[in-house]
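Fold and contact review
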Amino acid sequence: MRPHTANRRRTLAQRDARLGLTLISPTLLIVIAAVVVPLLWSVLISFQRLKLIEIGVANPFAPLTLANFNRVIGSGILWSSLSTTVVYTVGSVALSITLGVIAAMLVRKPFRGRTLVRATFLLPYVAPIVAVTFVWRTMLNPQFGIINEFGQKVLGWSEPIPFLSQASADWNLLGAHIPVPTALLTVIAFEGWRNFPFAFLFVMARLEAMSREPEEAALVDGAGYLQSFRYIVLPQLAPVIALLAILRTIWTFNDFDNIFLLTGGGAGTQVASIQMYTLLTVQRNVGAASAQSVILAILLILMLAIYLLILRRRGEKA
Amino acid sequence: MTAALNLRSVRGRRSGPKRSARQRMIGLGRALGIAAFMFAVLLPFYYMFLLSVKPIASLLRDPGSLFISIEDFTLSTYVEVLGPVSGGGQGFLTFLGNSALVALISVIVALAVALPGAYAIARLPFFGHRQVNALFIAAYLFPAIVVAIPLFVLFTRLGLRGSLVGLIFVYTAQTVPVAIYMLRNYFETVPVSIEEAGLVDGLSRLGILRRITLPLSMPSIAATGLFVFMIAWNEFLFALLFLIDKRDNWTVSLGLSQLSGSVEVSTTVLMAGSVVLTLPIIVLFFVVERYLTGGLTAGAEKG
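Residues numbered from 1 in each chain as written. Chains lettered and ligands numbered in written order. Predicted model: local features only at pLDDT ≥ 70, side-chain atom pairs only at ≥ 80, totals over all residues.

**Considering the overall build of chain A**
Applied cut-off: Secondary structure counts use DSSP, requiring at least four H or I residues in a row for a helix and at least two E residues in a row for a strand, with both numbered from the N terminus. Partly exposed residues are those whose C-beta has more than 12 but fewer than 20 other C-beta atoms within 10 Å; with 20 or more the residue is buried, with 12 or fewer it is exposed, and the C-beta atoms are placed from the backbone. Throughout, a residue-residue contact means that the two C-beta atoms, derived from backbone geometry, are no farther apart than 7 Å.
When you go through chain A residue by residue, the secondary structure sums to 13 helices and two strands. Projecting the C-alpha coordinates of chain A onto the three principal axes gives extents of approximately 90 × 70 × 30 Å. The proportion of buried residues among the 318 residues of chain A is 41%. Considering only contacts in chain A between residues 6 or more positions apart, those separated by 24 or more positions represent 67%.

**Side note on the packing of helix 3 (residues 77-106) of chain A against helix 10 (residues 225-253) of chain A**
Residue and element names in this part refer to chain A. Definition in use: To obtain an axis, a line is fitted to C-alpha atoms, over the contacting stretch when the element is a helix, and the angle between two such axes runs from 0 to 180 degrees between their N-to-C directions. Angular relationships are summarised with four words: roughly parallel below 35 degrees, roughly antiparallel beyond 145, roughly perpendicular across 65 to 115, and oblique for the angles in between. What makes a crossing left-handed is the near helix being turned counterclockwise from the far one by less than a right angle; a clockwise turn instead makes it right-handed. Throughout this entry, Asp, Glu, Lys and Arg are counted as charged residues, while Ala, Val, Leu, Ile, Met, Phe, Trp, Tyr, Cys and Pro are counted as nonpolar. The remaining residues, Gly among them, count as polar.
Viewed as axis vectors pointing N to C, helix 3 and helix 10 meet at an angle of 140°, and their least axial separation amounts to 9 Å. As summarised for this structure, helix 3 and helix 10 are arranged oblique, according to the angle between their axes. The handedness of the crossing between helix 3 and helix 10 comes out as right-handed. Along the contact surface, helix 3 presents T85, T89, S92, V93, S96, I97 and V101, while helix 10 presents L237, I241, L244, A245, R248, T249, T252 and F253. Counted by class, the contact of helix 3 with helix 10 contains eight nonpolar, six polar and one charged residues.

**Concerning the interface of chain B and chain A**
Tallying the contact residues gives 84 residues for chain B and 80 residues for chain A. The greatest single-element share of the side of chain B that touches chain A, amounting to 14 residues, is contributed by helix 2 (residues 17-52) of chain B. Considering only residue class, the side of chain B that touches chain A consists of 61 nonpolar, 15 polar and eight charged.

**Re the nonpolar core**
To be explicit about the condition: Definition of nonpolar core: a set of buried Ala, Val, Leu, Ile, Met, Phe, Trp, Tyr and Cys residues joined via C-beta atoms within 7 Å.
Ranked by internal contacts, the top residues of the largest apolar core, which has 168 residues, are F200 of chain A together with A114, L167 and A179 of chain B. When residues in this core are grouped by element, the largest group, 16 residues, is from helix 8 (residues 164-187) of chain B. Not counting residues within four places of it along the chain, the set of residues in contact with A114 of chain B comprises T27 of chain A together with V176, A179, I180 and L183 of chain B.

**Quick word on helix 11 (residues 218-234) of chain B**
The cut-off we apply is this: To estimate the expected span of a helix, subtract one from its residue number and multiply by 1.5 Å.
Compared with an ideal rise of 1.5 Å per residue, which puts 17 residues at 24 Å, helix 11 of chain B spans 24 Å between its outermost C-alpha atoms and is within 8% of the ideal. With 13 of 17 residues buried, helix 11 of chain B is to be regarded as a mostly interior element.

**A closer look at the domain arrangement of chain B**
Residue and element names in this part refer to chain B. Worth spelling out the cut-off: All the domain ranges listed were derived from an automatic or database domain assignment.
Domain assignment breaks chain B into domain 1 (15-82) and domain 2 (92-298). Contact with domain 1, which involves 13 residues of that partner, is made by 13 residues of domain 2. Counting residues per element, the side of domain 1 that touches domain 2 draws most heavily on helix 4 (residues 76-82), which supplies five residues. For the side of domain 1 that touches domain 2, the residue count by class is nine nonpolar, two polar and two charged.

Put into structure tokens, the structure is as follows:
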């Protein structure tokens, strides 16, 4: 019997490995079919001439051309949409993480009803995007929206503010006229509302795992609340904030739904993904839209690489 | 927990009147902060519900009102939004059916695929393990818009555009990576020793998965399933790209977004549609909230 044991153990490990491949293969196939292959195909289409009307007979072996990239990069639309995207992304990410950290600090200490409050804070993030954007649009409506009504009746605005259709407004501040991108700021505010729960969740989990002793000691020694936050809590939150920043940047950078549903990409909110959708459905140029999506994908892969690097660094420390 | 309690009692003993006044200030600030967040979070949902039970005339007469009088209260908005188009309604009942069908089948397929996959990643040392894991993380983080065009072209060529089957395929593919991630995190918490005991008792690997690991992971599986359901139910971009020409196949999200662009349907009726779209998600969310938040942030507290 003895010589058999070693043999059997090896076959168990081998069998495990083979079973592992069998069990993983359906997932692998789906991910390859729905993400990897489309991505490669997207690259191919971006080098071909393809109009929307021809896609029923699209030929993967059509001749290659650089026309799409010339068109997208040369027209200048790419750069203006990219700069809008960067402003939108930086603003949204910063706002949602700041709000998330504040919210997590607020509910850190136990109180009655805390579970319910924490669950409620997550609602903006889980609610259907179409429904919440529709409510926001209605609330901000210049004719009968509650916000403009409140602003005019209580805050004394002389006229309603077209939050989602005004590209830029002049704010008169001490005699200086400052142009303010109204619609862009509004969609950033929406992003803050919609996504702060995501940061909230992560920061809360980190806070719960954090020892309170250094803070208690600092309080006893007379440190203020803000001081202890600044010098004790925030440094410990830095890694999770970095992780959140890169995750949210990846998602916000290519975000389509929010802006499409709020402004349709008008009034100075034409971000890169909306630009791509316009190329596809309005200009009906599948090739150019693909070229735009390939450029987005390259930027995205760069960000993903940074993310994986951060993960690896964290892994080494842990 | 006990450590925290002790600390608080220590601090309580030391604090003089000055400190307690300051702490009361902090406590008040915290309460106000929480109230402000609650208000900002809930106002849109309250407004949604409020407008859904008002006639449009009442809204236009007094747009600033945050309340509803008894005589104005109406459910006719719901009747109109849910009713079939032939009967003068907006057909949301059909859309609800489509959304539920697509979401449910996506959940079933995603779980059927992700359960064995997550187990393999958590437990079995197969060739290319790390690469597969990295691929799934990348696929999870990759936004849909980047692969939307080739899928659009592909489905048009296959004749699947406009059908719910194509949508189910996309939703499954989009949710499988995150489902794997959530389930794997849970499987890894199941003690290996229990599984080894099963091996010693003569169970096969699949027997262990079926008899030991799956029953132990039921809460996590339920949470993952509901998470997939939420993603599929809420999804907008692919529904827009694939189904726009086929009104009969519209999901609730697509229906609401399409009709809210037209002037013929009144805002209050569409608010009723929003409530119909949102309510199932909120109910589901409160049922599974505890498991869901644990699964999503697992690993985050490592810092």
